[in-house]
Every structure is written in C-alpha cells, then in structure tokens.
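Secondary and tertiary structure notes
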Amino acid sequence: MFGYIIINKPEMKFKEFDLYRSYYCGLCRELQEHYGRLGQFTLSYDMTFVVLLLTSLYEPETEVYVRRCMAHPMGKHLERVNVCSEYGADMNLLLSYYKCLDDWDDEGRITRKIQADLLKKKCGRIAEKYPRKAGLFQEKLRQIQLCEKEGSKDLDEVSGYFGEIMGEILAWRSDEWETELRRMGFFLGKFIYLMDAYEDIEKDQKTGNYNLFCREFGTEEFDQKAEKILNMMLAECSKAFERLPIVDNISILRNILYSGVWCRYELVKRKREGKKHV
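A brief structural summary. (Residues numbered from 1 in each chain as written. Predicted model: local features only at pLDDT ≥ 70, side-chain atom pairs only at ≥ 80, totals over all residues. Heavy atoms only, no water.)

1. Quick word on the environment of Arg132
Formally: By the criteria applied, helices consist of DSSP H or I runs no shorter than four residues and strands consist of E runs no shorter than two, each listed in order from the N terminus. A contact between two residues is defined here by any heavy atoms of the two lying within 4.5 Å.
Looking at the element boundaries, Arg132 is found in helix α5 (residues 131-150). Each C-alpha atom, one on Arg132 and one on Val158, is 21 Å from the other, the two residues being 26 residues apart in sequence. Non-local contacts of Arg132, meaning those with residues more than four positions away in its chain, are made with Glu168 and Arg182.

2. Examining helix α1 (residues 14-40)
To keep things clear, this is the line we draw: Between the first and last residue of a helix there are one fewer steps than residues, each counted as 1.5 Å, and that sum is the expected span. Note that bend, as reported per residue, equals the angle between axes fitted to the 7 residues terminating at that residue and the 7 residues originating from it.
Its 27 residues place the ends of α1 only 25 Å apart at the C-alpha level, less than the 39 Å of an ideal helix rising 1.5 Å per residue. Residue His34 marks the point of greatest curvature in α1, where the axis turns by about 115°.

3. A word on α5
In plain terms, the rule: Buried, partly exposed and exposed residues are distinguished by accessible area as a fraction of the type maximum, computed with a 1.4 Å probe on protein chains only: under 20%, between the cut-offs, and over 50%, respectively.
Taking 1.5 Å of rise per residue, the 20 residues of α5 would be expected to cover 28 Å, and the 29 Å separating its terminal C-alpha atoms lies within 8% of that figure. All of the buried residues in α5 are Lys133, Ala134, Leu136, Phe137, Lys140, Leu141, Gln143, Ile144, Gln145, Cys147 and Glu148. Of the residues trailing α5, Gly151 is marked for its positive phi of about 70°.

4. Here we look at the state of the cysteines
Such a bond, covalent and formed between the sulfur atoms of two cysteines, is termed a disulfide. This is how it is decided: The definition used for a disulfide is geometric: two cysteine sulfur atoms within 2.5 Å.
Applying the stated criterion across every chain, the model contains zero disulfides. Lacking any disulfide linkage, Cys147 is separated from the closest cysteine sulfur, that of Cys214, by 15 Å. By relative accessible area, which is 5% here, Cys147 ends up buried. Here Cys214 falls in the partly exposed class, since its relative accessible area comes to 28%.

5. Details of the packing of helix α2 (residues 45-58) against helix α6 (residues 155-170)
The condition that has to hold: To get an axis, a line is fitted to the C-alpha atoms, and for a helix only the part in contact is used. The angle between two axes follows their N-to-C directions and goes from 0 to 180 degrees. Here roughly perpendicular refers to angles of 65 to 115 degrees, roughly parallel to angles under 35, roughly antiparallel to angles over 145, and oblique to all remaining angles. Ten residues, namely Ala, Val, Leu, Ile, Met, Phe, Trp, Tyr, Cys and Pro, are considered nonpolar, four, namely Asp, Glu, Lys and Arg, are considered charged, and the remaining ones, Gly among them, are considered polar.
The contact between α2 and α6 brings their axes to 10 Å, and the two run at 40°. When the interaxial angle is binned, α2 and α6 end up oblique. From α2, Met47, Val50, Leu53 and Leu54 reach across to α6, where they touch Met166, Ile169 and Leu170. Among the residues forming the contact of α2 with α6, the class breakdown is seven nonpolar, no polar and no charged.

6. Some remarks on the packing of aromatic side chains
Counted only if it meets this: Stacked, edge-to-face and tilted labels apply to pairs of Phe, Tyr and Trp rings (six-membered ring for Trp) whose centres lie within 6.5 Å, assigned for plane angles under 30 degrees, over 60, and everything in between, in that order. Charges are assigned to positions over rings by a cutoff of 6 Å between ring centre and Lys NZ or Arg CZ, combined with an angular limit of 35 degrees from the ring normal.
For the structure on display, the rule yields 12 aromatic pairs. Summarising the aromatic geometry, the rings of Tyr198 and Phe222 are spaced 5.7 Å apart at their centres and angled 15° between planes, so their arrangement reads as stacked. Placement of Tyr198 in helix α7 (residues 178-207) and of Phe222 in helix α8 (residues 222-242) is noted, with a sequence separation of 24 residues between them. As far as the burial class goes, Tyr198 and Phe222 line up, both buried. Measuring from centroid to centroid gives 5.3 Å for Trp262 and Tyr265, while their planes differ by 85°, and the two rings are edge-to-face. There is no split in this pair, since Trp262 and Tyr265 are both buried. An aromatic cluster of three or more residues is present, and its members are Phe191, Tyr198, Phe213, Phe217, Phe222, Trp262 and Tyr265. The ring of Phe17 has Lys9 sitting right over it, with the charged end atom 4.3 Å from the ring centre. Over the ring of Tyr65 we find Arg67; its NZ or CZ atom is 4.1 Å from the centre of that ring.

7. Examining the packing of α1 against α2
Each packed pair of helices is defined by two parameters, the angle between the axes and the distance between the axes. This is how the line gets drawn: For any helix crossing, the convention is left-handed if the near helix is rotated counterclockwise from the far helix by under a right angle, and right-handed if that rotation is clockwise.
At a minimum axis distance of 9 Å, the contact between α1 and α2 shows a crossing angle of 110°. Classified by the interaxial angle, the pair formed by α1 and α2 is roughly perpendicular. In this structure, α1 meets α2 at a crossing whose hand is right-handed. Contacts from Tyr20, Tyr23, Tyr24 and Leu27 of α1 reach α2 at Tyr45, Met47, Thr48, Val51, Leu52 and Thr55.

8. With respect to a nonpolar patch on the surface
Defined as follows: Each patch groups residues whose relative accessible area exceeds 30% and which form no salt bridge, using 9 Å between like charges and 5 Å between nonpolar side chains of Val, Leu, Ile, Met, Phe, Trp and Tyr. Areas reported here follow the Shrake-Rupley algorithm with a probe of radius 1.4 Å; residue values treat only the protein chains shown as occluding. Any carboxyl oxygen of Asp or Glu within 4 Å of a side-chain nitrogen of Lys or Arg constitutes a salt bridge here.
A cluster of nonpolar side chains, Val64, Val66 and Leu78, forms an exposed patch at the surface whose accessible area comes to about 230 Å². Along the chain, the position of Val66 falls in strand β1 (residues 63-67).

9. Some points on the pattern of salt bridges
This model, assessed by the stated rule, comprises 21 salt bridges. Among the ionic pairs, Glu199 bridges to Arg264, the shortest N-O distance being 2.6 Å. Of the two residues, Glu199 is situated in helix α7 and Arg264 in helix α10 (residues 263-276); the sequence distance between them amounts to 65 residues. Residue Glu199 is classed as partly exposed on the basis of its relative accessible area, which comes to 25%. Of the residues examined, Arg264 reaches a relative accessible area of 21% and is grouped as partly exposed. Its salt-bridge partner being Glu227, residue Lys269 comes within 3.4 Å of it at the nearest N-O pair.

Have a look at this one:
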C-alpha cells in the first residue's frame, strides 16, 4: 500500500528534481542512522512527500549535506535533514511494522512475520514516543482487516480507515493547521487504499483475496467509475492542501498531487488495455 505518492519527473525542472531527491536521500539517511539497514528498506516515496509537505509548511531549520552512499557510490549527492525528516522516519518505520503484522495475520506471509520481528524492538521505542499514533495505526489496520474478512462492500468505510491513518500522520502538531492536514491526509489515504485495490484487482481475483472492486471489474463502466472515485478523493485532498499557507516547494508538491499520483494509475490502465488487445 505504498509507492503511489510520487513525482511526475518529466514534468519537473531539473533543480526541482534535485531538491526533491535531497529530501528523499535525507529521509533515507535518517532511517539508516536511527534504525540501521533494515530501516532503510522501509523507505518510501509516500513518506518523502510527508516530509516535504511538513517542511514546506512549518519551515524548520534544515541541514544540507553532500555525501556518498551505497545507492550512489560513484558521486556525491545532496541530503536535506530536519525535524520533519526525523518524524517521517519514525512514522515510516512504525507504519511499516504494523503493516507487516497485518500482512502476516491476513495472508500468512512468513517473510512479513520475520520483518515484523526484526522491527519490533525499534518500533516499541517509537510507540512510546507517539502512543496515540501507534494505537490509532493498530486499531485502524485491525478494522480494515475485519472489513476485509467480512467482505465489506462499503467503499467509504474501508478506505476511510486508511484515510484516518494518513490523517494522523500528517497531523504532526496540534495547532491551527491540524484540521486541514488531517482532512488532506484522510482523502489522500483513501486514494492510496483505493488505488492499491485498483492495481491488484486481477491478482486478488486469482488468489481469492478481498478487493473492493471485485464486483465491478470486467464491466464496461469499471474504469470510468474507478477513475471518478479516485478523482473525488484527490479533489478533496487538494482543496485542503490549497488552504495551507505553503510557498516553499509549492511547484513540487503540486506536481505530486496533480500529476505524479496519477502515474501509477495510467501505467496500470495502459497495461490492462494492452492485454485486452492481445
């Protein structure tokens, strides 16, 4: 359920891409320094967006480093790190841990159980630091799992639980921007859950796993209906975003919200249409 909140690189200026990548690399560095190599493996573009959004809104003091790493051994690259990067690393690891547990309970994937066991001690410290968030993540993932086991057809309810998780992540502080950040995260989270279901529909039909779109898939109006629903989620997310007083990095954030998030959708759709004509 990760990897949907990405940039549309061809539509981005070189300097904007370099800036975006510096926050991505900064988050990677934070994960490594606080949680080791295993922490790095949980790195996601989705949480990079969270770090960039919160940095742009709160404008904390940011350190800029020029470094080499295993992923870029041949040349140095920029890394931007601040308190939002540390928060993003904590949330990235915590959510990854609970998602591993959820996958183990739901699908019996032993690799996810092993990964959860390795992350358990590290995530215990994060849960002590953010007890409300940890409790909410557990509860909402449990409710998603219950809906899936019951075969719920309520799209708003099931996707809404993941929306509440993302809303809690974006609500970094209890301040004047909390309401808009929660609303933005809520609809972004719903989009992520629904986009994940849209992409996995064929696989889930073969395996018999739960998928909200199982009934509609294969009908003439399926793609049109799915796109309309996804558009509605992002429209509400974008309304909340535009009410935030963000100036820094605004073009990068808009690239992600208005263009980048559709890249995976278009890729899946073209691939699916290609199979129809084979």
